[in-house]
There are 2 protein chains.
Amino acid sequence: MVEGKGISQAVISRLPRYFRYLGELRDDGVERISSQDLSRLMKVTASQIRQDFNNFGGFGQQGYGYNVEYLYQEIGKILGLDVEHHLIIVGAGNLGQALANYMNFEKRGFITQGIFDINPELYGKEVRNLTVQPMDKIEQCIQENNIDIAVLTIPKNSAVKVAEKLVGYGIKAIWNFAHVDLNLPDGIQVENVHLSDSLMKLSYTISCYENQK
Amino acid sequence: MVEGKGISQAVISRLPRYFRYLGELRDDGVERISSQDLSRLMKVTASQIRQDFNNFGGFGQQGYGYNVEYLYQEIGKILGLDVEHHLIIVGAGNLGQALANYMNFEKRGFITQGIFDINPELYGKEVRNLTVQPMDKIEQCIQENNIDIAVLTIPKNSAVKVAEKLVGYGIKAIWNFAHVDLNLPDGIQVENVHLSDSLMKLSYTISCYENQK
């Protein structure tokens, strides 16, 4: 297992994309790929690929290209995907249900083991293989199922308090879709998906393009 | 309107967050804020804030702090939020419905004017103020409503072809939730939200933290 020290956020951000492409090559039965071919496929330079991989010792054999299966496994390990993660989803609205239904997460070792909501009308609703439960069942679920990640798909006004409670229950990480920055103790990992921010970035690139014309 | 040339992706990525915080300060009636106070609030260094803003000419008056309303409006303009955008959502599953129901986009000038799906069981379903329509109504909707952004919330195996069709119908930008990289002509702006990639980054940070302990 390679340590993450000194590796830039930009490199880290590119790892899931490498992993995704390598997984597809592997599913297509490709055994070896040169950095040139990977470069063409992913539309990044071959030199970028080599530089990125050098952060982790290289992986490749000059002239022979990369062994796809090996590279896929190694990048998976760096991403911590060799360990199974246990998730709960807090918020069973459309977004929470969409995430619960997303089969690919399970394929990567992210097992969703509970979905919770504050709205009594949703209690008992079946979402894939899960049943929506009231919020006061969260603590028990976390403790019984060794849950490490909570997915937060609730409105921003309740997200901060709920996140603090989840930390108190022993959660290690929060995948935060609530439109607010959480302020949690050191050691609690947070990955934000602020959808409005992403839409604004798109608006920015449209605006830049229009101004260039 | 400031041009985007030569401004790094990292700065651009931070603009929506500034915009979000400034919007909240403004809603709370705050008129002025120093870079120190903004720094404490946002948990970035004051020097980072000043450097970021210097890319756009500064905005501030040394010693007096920033005028919140002015800064909010200016960053909004840079992000292209002074122009109304017209959206359609292609894919009326849970994720498409979640996005259609998200009121905040409208507040920022992103008006959703159609939602479409390939599944006949969804035709006619009301999602907020919209009715799910069949895919063959997309072209007409784009032309009649001056649609510039398509939100793609369909599975990856159909996403590439649908995206190409949308470009043919005159769309300028795609907000892509399909788990595939689109390869579209120059001038078509694409912003990807690859949720699995984000979850893998979270897994990476958990793994690094565990290894440090």
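Bear in mind the structure is a predicted one, so any value in this text is a computation, not a measurement.

**Student:** So, the interface of chain B and chain A: which residues are in play, and what are the values?
**Tutor:** On the side of chain A, 65 residues touch chain B, which itself brings 65 residues to the contact. Overall, the association of chain B and chain A removes approximately 5,800 Å² of surface from exposure, summing both partners, and the carbon and sulfur fraction of that is 62%. Looking at the side of chain B facing chain A, the largest losses of area belong to B:Leu199, B:Met200 and B:Tyr204, adding up to 13% of the total buried there. For the interface between chain B and chain A, the tally reads 12 salt bridges. Across the salt bridge formed by B:Lys172 and A:Glu210, the nearest N and O atoms sit 3.8 Å from each other.

**Student:** Outline the pattern of salt bridges, supporting the account with residue identities and numerical values.
**Tutor:** It is possible for side chains of opposite charge to pair when their charged atoms get near one another. What the rule picks out here adds up to 22 salt bridges over all chains. One salt bridge in this structure joins A:Glu24 and B:Lys156, with 3.0 Å as the shortest N-O distance. Here the residue A:Glu24 occupies a position in helix H1 (residues 9-27), and B:Lys156 occupies one in helix H8 (residues 156-168), the pair thus bridging two chains. Here A:Glu191 makes a salt bridge to B:Lys201, at a shortest N to O gap of 3.9 Å. With A:Glu191 in strand S9 (residues 189-192) and B:Lys201 in helix H9 (residues 195-212), the pair connects residues from two separate chains. Take A:Glu191: its relative accessible area is 14%, and that puts it in the buried class. Salt bridges here are not isolated pairs; linked through shared partners, they connect A:Arg17, A:Arg20, B:Asp181 and B:Asp197.

**Student:** A description of helix H8 (residues 156-168) of chain A should follow, citing residues and the corresponding values.
**Tutor:** All names here are of chain A. Over its 13 residues, H8 runs 19 Å from end to end, which matches the ideal 18 Å to within 8%, given 1.5 Å per residue. Burial in H8 covers these residues: Ala159, Val162, Ala163, Leu166 and Val167. Taken together, the buried residues of H8 touch strand S3 (85-90), helix H7 (138-145), strand S7 (149-152) and strand S8 (173-176). Directly beyond the C-terminal end of H8, a positive phi value near 105 degrees is found at Gly170.

**Student:** Provide a residue-level description of the relation of the copies chain B and chain A, including the pertinent values.
**Tutor:** Placing chain B over chain A gives an RMSD of 0.0 Å and needs a rotation angle of 180 degrees, together with 0.0 Å of translation along the axis. Given the turn and translation reported, the copies of this chain are related as if by a two-fold rotation axis. Among all residues of chain B, the one whose C-alpha sits closest to the rotation axis is B:Asn94, at a distance of 2.5 Å. Both copies share a contact surface, since 100% of the interface residues of chain B are interface residues in chain A too.

**Student:** Would you mind going over the pairing of S9(A) in detail, with residue names and values included?
**Tutor:** All names here are of chain A. Side chains of S9 alternate between two faces, with Gln189 and Glu191 buried and Val190 and Asn192 left unburied. Note: S8 against S9, four bridges, orientation parallel. In the sheet register, Trp175 faces S9, and the bridge partner there is Glu191.

Reading the values: rules and limits
- Residues numbered from 1 in each chain as written.
- Chains lettered and ligands numbered in written order.
- Predicted model: local features only at pLDDT ≥ 70, side-chain atom pairs only at ≥ 80, totals over all residues.
- Heavy atoms only, no water.
- Contact = heavy atoms within 4.5 Å.
- Buried area = accessible area lost by both parts, 1.4 Å probe.
- Salt bridge = Lys/Arg side-chain N within 4 Å of Asp/Glu carboxyl O.
- Helix = DSSP H or I, 4+ residues; strand = E, 2+ residues; numbered from the N terminus.
- Buried < 20%, exposed > 50% of the residue type's maximum accessible area, 1.4 Å probe, protein only.
- Expected span 1.5 Å × (residues − 1).
- Least-squares fit on C-alpha atoms with pLDDT ≥ 70 in both.
- Pairing = 2+ DSSP bridges.

Remember, this is a structural readout, not a statement about activity or role.
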